[in-house]
Amino acid sequence: MNAGIVVGMDVVDLPTPVVVIDRDVLERNVSAMSSYARHIGVALRPHWKTTKAAEVAQMQVDAGAIGHTAATQAEMLALAAAGSPSVFWAYPPVGSARIDATLAAAGATEVIVGTDSVSAVTELADAAAMRGLAIPVRLEVDTGLHRTGVAPDDAVTVARGLLGLRGLRLTGVWTHEGHVQGIGADGPRRHEAGLAAGRLLVQVADVLRAEGIDVPCVSVGSTPGVRSAPTVPGITEARPGTYVLGDENQVAIGTISADDVAIAVHSRIVSTEPAEWAIIDAGIKAMSSDGSTHGDGRIGTVVSDGGGVVVTGHEEHGFLRGAADPHVGDIVRVRPNHACGVMNMHSRVVVAQDGVVVDVWRVLARH
Ligand SMILES: Cc1ncc(COP(=O)(O)O)c(C=O)c1O
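Worth saying up front: this structure is predicted, and the values here are computed from it rather than measured.

Put simply, the largest pocket is a space of about 800 Å³. For the largest pocket, the lining is made up of 34 residues, of which His47, Lys49, Arg147, His176 and His338 are closest to its centre. Listing elements by their share of the lining of the largest pocket, those giving two or more residues are β3 (68-70) and α9 (248-253). Residue composition of the lining of the largest pocket, by class: nine nonpolar, 17 polar and eight charged. Looking at the lining of the largest pocket, you find at least three residues from each of domain 1 (11-19 + 255-362) and domain 2 (23-245). There is about 400 Å³ of room inside the second largest pocket. If you trace the second largest pocket, you find 21 residues lining it, with Asp22, Ala264, His266, Val303 and Arg333 closest to the centre. Breaking the lining of the second largest pocket down by element, the ones donating at least two residues are β1 (18-22), β10 (263-271), β15 (331-336) and β16 (348-353). Considering only residue class, the lining of the second largest pocket consists of 13 nonpolar, three polar and five charged.

Take a look at the structure:
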């Protein structure tokens, strides 16, 4: 599985395409986010979808995270198996497979489910009640992303409905303020949007409390909003995910500095035949086809000498434009648009320190 990859080898000798994670940068990111969460007085529950590596889950807990956030059933199960002390599954547990998985994992660790409706959790509640369980549930509130989440004005009605379900116990409210990313490079506007999302969620929590509903947890989560939303008084938890690796989309809007990006896709130039571009061996199966906040359709930005932009990709071909003096065989290091999508394309990634391979991590829960 790790054919051709040996601890101690120079990263320039790695077979390509390959994801290389800079261990020092990643460890710095883990530690800095933990210190920040402590400083602003909120619990840290990183979203694990970014790396899906058990090693990173452990590092985050060692640095003070109270547990993790998961998106998929596979992530939730993998985190439970990896010994995460608490998993918030921020996705409606709809369908019998998700219900069975929740009940199975709840025997190994704390599993908290997220929902924006009573109907999405009724079957889970019935199944849990039959086993004498009370699964913690959090009510999702839409603070601007308009993906899932109850409208703030409907929160009391849905919360009352959740309280009426045996087999569940309502423990809080949450939001994913992902719309902050879409604001782009306007830092003050982004900051204000993050604060507004946090304030709205706290306001909803206060309305629920005024109705006699206990709301211990008020949880926000995103990397572009992490400097704003969790700083609102009343927020108790932050769930950033991308911060741990960083990516070009965060660099482009100014939420992460280029020096703090721990992930790169290493590739080789395999053709310079067409005059208008060089072809590298990393296409969308190496870098994903996640969009670019540059708005120009690129799939990656070159960070090695020679520069350039991977303007588009086929499955195993990346179209590199603007590279200075490209030659077949040259190593090209690419900063991908979106770290989470890239990790999900690979079954293992290389960890390096000072340009030398120090470890190989399995990417778990890809499906
Ligand atoms: C529910 C939820 N929480 C937290 C996050 C983490 O956000 P980011 O990737 O911006 O760090 C995400 C990302 O999609 C999410 O969906």
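Anyway, onward from the coordinates.
So, on to the domain arrangement of the protein chain. Assigned domains within the protein chain: domain 1 (11-19 + 255-362) and domain 2 (23-245). Look at where the C-alpha atoms of domain 1 and domain 2 centre, and you get two points 31 Å apart. In this complex, domain 1 contributes 21 residues to the contact, which on the side of domain 2 involves 22 residues. Among the residues domain 1 hides against domain 2, the three largest losses belong to Thr255, Cys340 and Trp361. Together they make up 32% of the total. Our count for the contact surface shared by domain 1 and domain 2 stands at one salt bridge. For Asp260, the salt bridge goes to Arg28, with nearest N and O atoms at 2.8 Å. Viewed at the interface, domain 2 and domain 1 are joined by seven residue pairs in polar contact (both at pLDDT 80 or more). For the side of domain 1 that touches domain 2, the secondary-structure elements that each account for two or more residues are α11 (339-343), β16 and β17 (356-362). It is β17 that contributes the most residues to the side of domain 1 that touches domain 2, four residues altogether. By residue class, the composition of the side of domain 1 that touches domain 2 is eleven nonpolar, five polar and five charged.

Relative to the helices and strands, Ala97 resides in helix α4 (residues 96-106). Here Ala97 falls in the partly exposed class, since its relative accessible area comes to 44%.

Conventions and cut-offs
- Residues numbered from 1 in each chain as written.
- Predicted model: local features only at pLDDT ≥ 70, side-chain atom pairs only at ≥ 80, totals over all residues.
- Heavy atoms only, no water.
- 1 Å grid on protein atoms, 1.4 Å probe; cavity = no way out; pocket = protein on both sides within 12 Å on 5 of 7 lines; lining within 4 Å.
- Points joined across faces, edges and corners; volume = space filled by probe spheres on them.
- Helix = DSSP H or I, 4+ residues; strand = E, 2+ residues; numbered from the N terminus.
- Nonpolar A, V, L, I, M, F, W, Y, C, P; charged D, E, K, R; others polar.
- Domains from an automatic or database assignment.
- Contact = heavy atoms within 4.5 Å.
- Buried area = accessible area lost by both parts, 1.4 Å probe.
- Salt bridge = Lys/Arg side-chain N within 4 Å of Asp/Glu carboxyl O.
- Polar contact = N/O pair within 3.5 Å; in protein donor to acceptor, adjacent residues only side chain to side chain.
- Buried < 20%, exposed > 50% of the residue type's maximum accessible area, 1.4 Å probe, protein only.

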